Amino acid sequence: MINDFMMQVGMMAPIIQAPMAGGVTTVELISAVSENGGLGSLGAAYLTPEVIRVTAQAIRARTDRPFAINLFVGGQEREPTNAQIDFTSDILEPWAQAYGIEAPGAPGPGIALDRQLEVVLDVAPRVFSFTFGMASPELLRACRSRGILTMGTATTVEEVKALTEAGVDSVCVQGMEAGGHRGTFLRPFEESMFGVLALTSMAVQATSLPVVAAGGLMTGGAIRAVLDLGASAASMGTAFMLCEEAGTSMAHRYMLALEKPRPTVITRAFSGRPARGIINRFHEQISAVQHLCVPFPALNDMTRDIRRAAANAGDPEALSLWAGQAYPLARDMPAASLMAVLLDEAKWFGA
Ligand SMILES: Cc1cc2nc3c(=O)[nH]c(=O)nc-3n(C[C@H](O)[C@H](O)[C@H](O)COP(=O)(O)O)c2cc1C
């Protein structure tokens with residue numbers, strides 16, 4: 001049955017294609033999911049304000065269905081020291097050499113969140129979702145006055161309650177099975193590792209807001225399970241990564257489809273912030289010394305060229321291979337077909 005949350009957002013299917021920064025969430029993927037009744041989400045954290053604007057226009061040129069834009073609203077721990085920058089540059093040098101590029105220098109200033117937010121408010125997607133922290137009261141007010149629904153990410157019940165008190169419109173609970181960065185913002189991430197079923201069950205009791213469940217959901221059966229627990233929709237990231245419309249690199253696709261899957265692991269090696277991905281050599285080597293490197297987001301900046309060069313070379317060993325725990329269940333098919341299969345498996349018959 002179409003629930004209040006879906007009605008409010010304008011969705012026909014209880015499926016959100018999760019935001020995935022770094023190029024996976026293309027205009028084609030987002031618009032295909034939204035056109036097929038779900039909610040496509042743009043992972044915009046690494047995009048300049050200009051690119052966010054142009055991408056939103058391109059989505060609107062393809063569909064008049066609702067979509068979401070997602071940003072990182074926190075996570076900056078502290079400024080990197082010169083010693084950390086020197087250490088990181090030295091440790092990354094052999095990797096850079098292997099791909100024939102220069103060793104990374106000092107991290108850049110990053111993209112200003114304020115300017116990204118200005119564009120989000122201006123283009124007014126149906127939903128603004130965020131992770132790594134709490135949106136300010138001014139931002140939540142500004143969204144409301146423009147008719148933008150807000151969705152905060154929580155990894156604990158404490159975070160669900162904090163987001164509820166802050167006045168968001170919905171909460172996405174991210175189970176520890178999830179691919180990509182942990183959204184944790186109140187406690188150390190090690191204390192915030194709840195399975196999606198446990199977290200969803202507790203969240204629906206802790207808040208009267210709509211709860212969206214994320215993490216390891218790959219099949220219609222998993223969607224049905226979280227709906228049965230009281231979630232209003234399932235947010236699925238890894239499930240969409242093999243769709244032809246996704247911007248997933250060839251090397252990443254290859255690893256997601258391995259006949260003998262490698263395990264996933266939570267690693268800080270690529271960005272300085274815990275994230276789940278398929279284990280590889282870069283993780284194995286850098287994790288051991290990551291605490292001496294620059295913190296998030298500076299490490300993300302300093303590893304960027306190496307990751308890009310590895311992707312261009314088709315080498316998965318230095319790529320951030322973000323993937324949820326259940327990634328071996330990802331299906332290589334167009335997004336419209338995947339939506340149809342998922343709804344069929346979930347025995348979703350709409351209104
Ligand atoms: C490649 C990748 C990039 C991600 N980037 C973001 C992001 O930019 N913002 C965000 O809120 N979550 C991000 N996530 C987390 C997803 O939104 C979602 O929580 C996760 O994919 C759910 O778990 P699943 O991958 O097992 O479906 C990312 C996940 C992946 C796999």
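About the thresholds
- The numbers attached to residues start from 1 for each chain and follow its sequence in the written order.
- For this predicted model, a pLDDT threshold of at least 70 governs which residues receive local features, and a threshold of 80 or more governs which side-chain atom pairs are given and counted, while totals over whole chains, interfaces and linings are taken from all residues.
- Just so you know, side-chain values use all the structure's heavy atoms and leave hydrogens and water out.
- Buried residues are those whose accessible area, probed at 1.4 Å on protein chains only, stays under 20% of the maximum for their type, while exposed residues exceed 50% and partly exposed ones sit between those limits.
- Numbering of helices and strands runs from the N terminus, with a helix taken as a DSSP run of H or I at least four residues long and a strand as a DSSP run of E at least two residues long.
- A pair of strands is considered paired only if DSSP assigns at least 2 bridges between the two.
- Looking down the strands as they point away from the viewer, one classifies a crossover as right-handed if the path from the first strand across the helix to the second runs clockwise.
- Angular values range over 0 to 180 degrees, each being the angle between N-to-C directions of two axes fitted as lines to C-alpha atoms, with helices fitted over their stretch in contact.
- The rule for a residue being near a molecule or strand is that one of its heavy atoms must lie within 4 Å of it.
- Nitrogen and oxygen atoms within 3.5 Å of one another constitute a polar contact, given that in protein one can donate a hydrogen and the other can accept it, and given that sequence-neighbouring residues count only through two side-chain atoms.
- To be clear on the numbers: accessible area is Shrake-Rupley with a 1.4 Å probe, and residue cover counts the displayed protein chains and nothing else.
- Here a residue-residue contact requires only that any non-hydrogen atoms of the pair lie within 4.5 Å.

Caption draft 1: Examining the pairing of strand β6 (residues 170–174) more closely. Across the five residues that make up β6, a large majority, five, are buried. Of the two faces of β6, the one lined by Ser-170, Cys-172 and Gln-174 and the one lined by Val-171 and Val-173 are each fully buried. By the bridge criterion, four bridges tie strand β5 (residues 149–154) to β6 in an arrangement that is parallel. Its bridge partner lying in β6, Thr-153 is registered against Cys-172. A crossover links β5 with its parallel partner β6, the connecting element being helix α7 (residues 157–166), and its sense is right-handed. Sheet topology places β6 next to strand β8 (residues 211–214); four bridges connect them, and they run parallel. Each bridged residue has a counterpart across the sheet, and for Gln-174 the counterpart in β8 is Ala-214.

Caption draft 2: Focus on unusual backbone geometry. The omega angle of the peptide bond from Phe-296 to Pro-297 is 0°, so this bond is cis rather than trans. Relative to the elements of secondary structure, Pro-297 occurs in the loop between α11 (281–287) and α12 (298–312). Phi at Ala-124 takes a positive value of approximately 50°, unusual for a residue other than glycine. According to the relative accessible area criterion, Ala-124 is partly exposed, its value standing at 25%. Phi is positive for Lys-347, which is not a glycine, with a value near 55°. Here Lys-347 lies in the segment after α13 (335–345).

Caption draft 3: Region of the structure containing the sheet that holds strand β11 (residues 275–278). What the three strands build is an open sheet, ordered β7-β11-β10; its pairing is antiparallel. The open sheet has two edge strands with one neighbour each: β7 (180–181) and β10 (264–267).

Caption draft 4: Inspection of the sheet that holds β8 at higher detail. The eight strands are arranged β1-β9-β8-β6-β5-β4-β3-β2 in an open sheet whose pairing can be described as parallel. Two strands in the sheet have a free side with no partner beyond their single neighbour: β1 (15–17) and β2 (40–43). Adjacent strand axes in the sheet meet at a mean angle of 25° when their direction is disregarded. Both β8 and strand β9 (residues 233–236) contribute to a ladder of three bridges, which runs parallel. Bridge pairing in β9 links Val-212 to Ala-233.

Caption draft 5: Representation of the site of the ligand within the structure. Around the ligand, a shell composed of 20 residues is seen, among which Pro-19, Asn-70, Gly-216, Gly-237 and Thr-238 lie nearest. Contact distances for the ligand include 2.9 Å between an oxygen atom and a backbone N or O atom of Pro-19. A distance of 3.2 Å is found between an oxygen atom of the ligand and a side-chain nitrogen or oxygen belonging to Gln-174. Protein contacts shield 95% of the accessible area of the ligand, which totals 600 Å² for the unbound molecule.

Caption draft 6: Examining the environment of Ser-235 more closely. With respect to the helices, strands and loops of the structure, Ser-235 is situated in strand β9. By relative accessible area, Ser-235 is classed as buried at 5%. Measuring from C-alpha to C-alpha, the distance between Ser-235 and Glu-259 comes to 26 Å, with 24 residues separating the pair along the chain. When residues no more than four places from it in sequence are discounted, the contact partners of Ser-235 are Ile-16, Ala-18, Cys-172, Val-212, Ala-213, Ala-214, Gly-215 and Leu-217.

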